[in-house]
Amino acid sequence: MAERILVVDDEKLIRWSLREHLTGEGYEVLEAENGATAARFVEEGAFDLALIDVRLPDTDGMALLTAISETLPDVPVIIVTAFSTVDGAVDAMKSGAFDYVTKPFNMEELSIAVKRALETTQLRRKVSEQVDIEKARFGLGNVIGKSPGMLRIKELVERIAQSETTTVLLLGESGTGKDMIARAIHYESNRVDAPFMNITCTALPESLLESELFGYEKGAFTDAKTQKRGLFELADGGTVFMDEIGDMTPALQAKLLRVLEDKAFKRIGGSKDISVDIRVIAATNSDLEKAIEKNAFREDLYYRISIVPVYIPPLRERPEDIPLLANHFITLYNTEFRRSVQSLSAEALDRIQRYDWPGNVRELRNVIERAVLLGAGDVIAPDDIQLGRSVLGPKTKQDRYVVRLPENGCNLADVETDLVRQALQRTNGNQTQAAKLLGLTRDQIRYKAAKLRDLEAKPPTS
Ligand SMILES: Nc1ncnc2c1ncn2[C@@H]1O[C@H](COP(=O)(O)OP(=O)(O)OP(=O)(O)O)[C@@H](O)[C@H]1O
Ligand SMILES: [Mg+2]
């Protein structure tokens, strides 16, 4: 659809020439000869850009500019001034005009100004839509729970989000939602336009972690062929989430403390201080106070990061959240697997409410995922609920199931073939679902299924 441009000018000839030119460029043009007519168009809001002469018979172009930026903040305004009144243009820019052009018109310049204003506005709109999407996906709205413990946490997240830089320490067992809460803090805060950066301190050896966080200058060490910016720099204006903070080495702990206190650091091999504006959110499921006693964690850093501790209680201590979370995950996996599961049966619900969820919400999520994927009907039956360590589909180190090697050994290839066959049978041949059950990619399952077909097609050799 053609973009609409409102032209406001009292001179008929000028309106006419602008219309000719802009229509020729593919725009649709609305005309207003004075402020009153323009005001009606503003009320309808039916244009994408306004081109306004500052001098109008019945009103001041500046007043019209103000009216537009108040009612239609996303619509760019280009002010038209006579050459002699460029001062007025400066005022217009200060009052929110996107650009100005001078009379007499250079049509080419005008076209460029119009195009740039429309493109920039569109880009801004896209960015803000993207932010809205991310907010909807990661904001507080996704944090499910009505237990007093969860309500307290949500309130805390709101308060923390409003405070610009406060460091936060998230505590809680594995799977309680520390990652999720860290994101919620970021996406509810004013930092939402800047990056959310995530690093797990256990995952990397010390020197790598250090260069990830602080970056380095060219030549800082043998492999430093070019300068590299670290996470703290890249996250400027945003949030850095440091998971498993308890696993950081004391040397790095000292460096982190300095970042928190001075909001500045040096790249490795660098001599210049780099200032950054970041919020650090740390998380751990280990006991930091014990680590302090053992001299494995710096006490000063602990005091610095634990100004606002947020403890997320384990799921077994908030059983009232279990049905809410279960329904939330049913909806989620209905969409993902194109199923139409309605609910849990009363008995199934009873089972999940009495279970103690050592893997917390993550475990509940996995259990519901499996039930939605494999359950036969629209209501999840108790048999669809597989609790405990025997559940297939391990997601974390701790949750891995145990397969016992038979006394006399076995043939691994046969076991694999057998499991692939079972997975395909159970999912009525749906390879995507079978892949999920076995922790395989689509390509892997396709390959294995083909191999299985070959095997079954071949007559036994002996
Ligand atoms: N209150 C909640 N509402 C909705 N989803 C939740 C909630 N709590 C946790 N989850 C979901 O449970 C899963 C595990 O959560 P998350 O990864 O945040 O846990 P964690 O505490 O960081 O675990 P770990 O210590 O193992 O890193 C995620 O899929 C998350 O979206
Ligand atoms: Mg986590």
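Residues numbered from 1 in each chain as written. Chains lettered and ligands numbered in written order. Predicted model: local features only at pLDDT ≥ 70, side-chain atom pairs only at ≥ 80, totals over all residues.

### Some words on the sheet that holds strand β6 (residues 168–171)
Then, number 1: Pairing is parallel in the open sheet, where five strands are placed in the order β7-β10-β13-β6-β14. The sheet is open, and its two borders are formed by β7 (196–200) and β14 (308–311), each paired with just one other strand. The sheet shows a mean angle of 20 degrees between the axes of neighbouring strands, direction not considered.
Then, number 2: By the bridge criterion, four bridges tie β6 to strand β13 (residues 279–284) in an arrangement that is parallel. Residue V168 lies in a different strand from β13, and its bridge partner there is I281. (Pairing = 2+ DSSP bridges. Helix = DSSP H or I, 4+ residues; strand = E, 2+ residues; numbered from the N terminus. Axes fitted to C-alpha atoms, helices over the stretch in contact; angles between N-to-C directions.)

### Observations concerning the site of ligand 1
Then, number 1: Around ligand 1, the structure places 18 residues, and the nearest of them are I144, G177, K178, D179 and V361.
Then, number 2: Among the elements of the structure, α7 (178–188), α13 (321–337) and α15 (360–374) are those that each provide at least two residues to the shell around ligand 1.
Then, number 3: Domain assignment of the residues forming the shell around ligand 1 places at least three in each of domain 2 (139–313) and domain 3 (319–384). (Near = placed C-beta within 6 Å. Domains from an automatic or database assignment.)

### Observations regarding the sheet that holds strand β2 (residues 28–32)
Then, number 1: In spatial order, the strands read β2-β1-β3-β4-β5; together these five strands make up an open sheet with parallel pairing. Only two strands of the sheet have a single neighbouring strand rather than two, namely β2 and β5 (99–103). Across this sheet, the average inter-strand angle for adjacent strands is 20 degrees, counted without regard to direction.
Then, number 2: Sheet topology note: the strand β1 (residues 4–8)/β2 ladder contains five bridges and is parallel. Among the inter-strand pairings, L6 is bridged to a residue of β2, identified as L30.
Then, number 3: On top of the sheet, helix α1 (residues 12–24) reaches β1, β2 and β3 (49–53); it is set at about 165 degrees to β2, its chief contact.
Then, number 4: Docked against the sheet, helix α2 (residues 35–44) engages β1 and β2, running at close to 135 degrees with respect to β2. (Contact = placed C-beta atoms within 7 Å.)

### Details of the domain arrangement of the protein chain
How big an interface is tends to be stated in terms of the accessible area lost upon association of its parts.
Then, number 1: Each assigned domain of the protein chain is listed with its residue range as follows: domain 1 (4–131), domain 2 (139–313), domain 3 (319–384) and domain 4 (412–457).
Then, number 2: Each of domain 2 and domain 4 has a C-alpha centre, and these two points are 41 Å apart.

### Overview of the confidence of the model for the protein chain
Then, number 1: The share of residues in the protein chain with pLDDT of 70 or more is 94%, and the mean pLDDT across the chain is 90.
Then, number 2: Looking across the protein chain, the model is least confident in helix α4 (residues 86–94), with a mean pLDDT of 78, and most confident in α7, with 97.
Then, number 3: Predicted confidence is poor over residues 390–400, with pLDDT under 50, and the contacts of this stretch with residues over four places away or in other chains come to 20 contacts. (pLDDT = per-residue confidence, 0-100.)

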